[in-house]
Each structure stands twice: as C-alpha cells, then as structure tokens.
Amino acid sequence: KNITYSLCLFWFSLLSGFSAQPLFDDAYQSLFNLVFTSLPVLAFALLDRDVEPALAHAYPPLYAAGQADASFSTRRLSLFVG
C-alpha cells in the first residue's frame, strides 16, 4: 500500500517539476489510511467466530472457563501489561 502511494507521489512530482503541488487532497489521504489499515481489522473483529452459534448452544461447557474467569486473573493481566 505504501509503495504504491509513494510511487504515485514520486511520479507526480517528477511530472510537475517538483513544484510541491499536492496530488491528493488531505481528506483522500486520511481516507486512504482509514480504508487500508483500520477497516480490515474492524471487519475481521466483527466477523470472527470461535465456533458456530449452533455448536456453542449445543456444548455450553465450551465457554464455562471464560464465564468462571478460570483463565484470567489480575496477576496474569499485570504480567501481560507490565
């Protein structure tokens, strides 16, 4: 993504005689970064599933450890963060 963007700017500056004229508006530059960096992560987070909903309803013990906080503690969080 960045190579394509940089090459476009490089070729435009060659053709415009290095006049410092912007090729893209600031709003387009922000939108470019939003579309290619934030939206794929957001789409993955929204569409990701561990198991199918029918399987989760059929086997409730799959999530018993999470509901009981068996794998999470304040000590583990502090080790992860610190």
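Residues numbered from 1 in each chain as written. Predicted model: local features only at pLDDT ≥ 70, side-chain atom pairs only at ≥ 80, totals over all residues. Heavy atoms only, no water.

Participant: Sorry, what's going on with the overall build of the chain here?
Facilitator: Of regular secondary structure, the chain possesses five helices and zero strands. For the chain, the N- to C-terminal ordering of α and β elements is α-α-α-α-α. The C-alpha atoms of the chain give 24 Å as radius of gyration, which overshoots the globular expectation for 82 residues (12 Å, by more than 25%). Across its three principal axes, the chain shows a C-alpha extent of roughly 65 × 35 × 20 Å. Positive and negative side-chain charges of the chain, numbering 4 and 6 respectively, have mean locations separated by a distance of 12 Å. (Helix = DSSP H or I, 4+ residues; strand = E, 2+ residues; numbered from the N terminus. Rg over C-alpha atoms; globule rule 2.2 N^0.38 Å. Lys, Arg positive; Asp, Glu negative; His and termini not counted. Charge placed at Lys NZ, Arg CZ, Asp CG, Glu CD.)

Participant: Would you take a moment to explain the environment of F44 for this structure?
Facilitator: In this fold, F44 is placed in helix α2 (residues 26-47). The exposure class assigned to F44 is exposed, which follows from its relative accessible area of 58%. C-alpha separation for the pair F44 and T74, spaced 30 residues apart in sequence, amounts to 28 Å. (Buried < 20%, exposed > 50% of the residue type's maximum accessible area, 1.4 Å probe, protein only.)

Participant: Looking at this structure, how should I read unusual backbone geometry?
Facilitator: Leaving glycine out, the prevailing phi sign among residues is negative, and the prevailing peptide bond configuration is trans. For F18, which is not glycine, the phi dihedral falls at a positive 55°. One can find F18 in the loop between α1 (2-15) and α2. You can call F18 exposed: its relative accessible area is 58%. Although it is not a glycine, D69 sits at a positive phi angle of roughly 55°. Its location among the elements puts D69 in the loop between α4 (64-67) and α5 (74-81).

Participant: Explanation requested: the confidence of the model for the chain in the structure shown.
Facilitator: Detailed reading of the predicted model is not advised wherever pLDDT is low. Considering every residue of the chain, the mean pLDDT works out to 85; 100% of them sit at 70 or more. For the chain, the element scoring lowest by mean pLDDT is α4, at 82; α5 scores highest, at 88. (pLDDT = per-residue confidence, 0-100.)

Participant: Just checking my understanding: could you explain α2 for this structure?
Facilitator: What sets the pattern is the α-helix's 3.6 residues per turn: residues three or four places apart point alike. Between its terminal C-alpha atoms α2 stretches 31 Å, which fits the 32 Å expected from 22 residues at 1.5 Å a residue. Along its length, α2 reaches its greatest deviation from straightness, about 35°, at S38, and the proline P40 lies no more than four positions downstream. (Expected span 1.5 Å × (residues − 1). Bend = angle between axes of the 7 residues up to and from the residue.)

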